[in-house]
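Coordinates in review
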Amino acid sequence: MRAATIAYKPVGLVLGAVSGMLAGALFRQAWKKLGHEEDAPDARDEDRTWGEVLLAATLQGAIFAVVKAAVDRGGAVATHRLTGTWPG
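What you see is a predicted model; the values in this text were computed from it and never measured.

1. A short note on the environment of Val71
With respect to the element layout, Val71 can be found in helix H2 (residues 50-83). Ignoring anything within four residues of it in the chain, the contact list for Val71 reads Leu15 and Ser19.

Now the structure itself:
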């Protein structure tokens, strides 16, 4: 393994945690904006419809994927700028 890849591992872990928190906050805000209740439905929530549960899961997955990709890419670009080596 290259030194940049090894050095990037702890940075990647921190960025992963940050992206998870950011994505969770964005999802909660998006769910509120859609005019639904405060909390998104859980798959085992008896009082929610299939449509609500699947919509929430789809929205949550999309937001998490986009935020994770953006944060990972930003971290890799920043590492490349600082070290001159792509952390791949």
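2. Notes on the pattern of salt bridges
Summed over all chains, the structure comprises 4 salt bridges. With its nearest N and O atoms 3.7 Å apart, the salt bridge here joins Asp45 to Arg48. A relative accessible area of 14% means that Arg48 is categorised as buried. Two residues, Asp72 and Lys68, come together in a salt bridge whose shortest N-O distance is 2.6 Å. Remark: Lys68 and Asp72 occur in helix H2; sequence separation between them is 4 residues, near one turn of the helix. Accessibility expressed as a relative area gives 46% for Lys68, which makes it partly exposed. Three or more residues are tied together by salt bridges with common partners; here these are Asp45, Arg48 and Glu52.

3. So, H2
Across its 34 residues, H2 extends 49 Å between first and last C-alpha, which sits within 8% of the 50 Å expected from 1.5 Å per residue. Buried within H2 are the following residues: Val53, Ala56, Ile63, Val67, Val71, Gly75, Ala76 and Thr79. With its phi angle positive at about 80 degrees, Gly84 sits one or two positions after the end of H2.

4. Observations regarding the nonpolar core
Judged by nonpolar contacts, Ala23, Phe27, Trp31, Ala56, Ile63, Val67 and Val71 together constitute the single largest core of 7 residues. Elements represented by at least two residues in this core include exactly helix H1 (3-33) and H2. Element by element, the count of residues in this core is highest for H2, at 4 residues.

5. A few points about the environment of Lys32
Topologically, Lys32 is positioned in helix H1. With relative accessibility at 34%, the residue Lys32 sits in the partly exposed group. Spatially, the C-alpha atom of Lys32 lies 27 Å from that of Asp72, the residues being 40 residues apart in sequence.

6. Some words on a nonpolar patch on the surface
Taken together, Val14, Val18 and Met21 make up a surface patch of nonpolar side chains, about 290 Å² in accessible area. Structurally, Val18 is set in helix H1.

7. A word on the packing of aromatic side chains
For the structure on display, the rule yields 1 aromatic pair. With a centroid separation of 6.2 Å and 35 degrees between ring planes, the pair formed by Phe27 and Trp31 is classed as tilted. Of the two residues, Phe27 and Trp31 both sit in helix H1, 4 residues apart, roughly one turn of that helix. Across the pair, exposure class does not vary: Phe27 and Trp31 are buried alike.

Conventions and cut-offs
Once a new chain begins, its residue numbering starts again from 1 and follows that chain's sequence as written. Only residues with pLDDT of at least 70 are given local features in this predicted model, and only at 80 or more are side-chain atom pairs given and counted; all residues enter the totals for whole chains, interfaces and linings. No hydrogens and no water enter the side-chain calculation; it runs on all heavy atoms of the structure. Helix and strand labels come from DSSP, where a helix needs a run of H or I of at least four residues and a strand needs a run of E of at least two; each type is numbered from the N terminus. Whether two residues are in contact is decided by their heavy atoms, any of which lying within 4.5 Å being enough. Throughout this description, the term salt bridge denotes a Lys or Arg side-chain nitrogen within 4 Å of a carboxyl oxygen of Asp or Glu. Each residue's exposure class comes from its accessible area (1.4 Å probe, protein chains only) as a fraction of the maximum for that residue type: buried when under 20%, exposed when over 50%, partly exposed otherwise. Each residue after the first adds 1.5 Å to the expected span of a helix. For our purposes a nonpolar core is just a set of buried Ala, Val, Leu, Ile, Met, Phe, Trp, Tyr and Cys residues, chained together by side-chain atoms within 4.5 Å. In this analysis, a patch consists of residues with relative accessible area above 30% that form no salt bridge, clustered at 9 Å for like charges and at 5 Å for the nonpolar side chains Val, Leu, Ile, Met, Phe, Trp and Tyr. Each accessible area is a Shrake-Rupley result for a 1.4 Å probe, and residues are judged covered by the shown protein chains and nothing else. For Phe, Tyr and Trp, where Trp contributes only its six-membered ring, two rings pair if their centres lie within 6.5 Å, and the inter-plane angle classes them as stacked under 30 degrees, edge-to-face over 60, or tilted in between.

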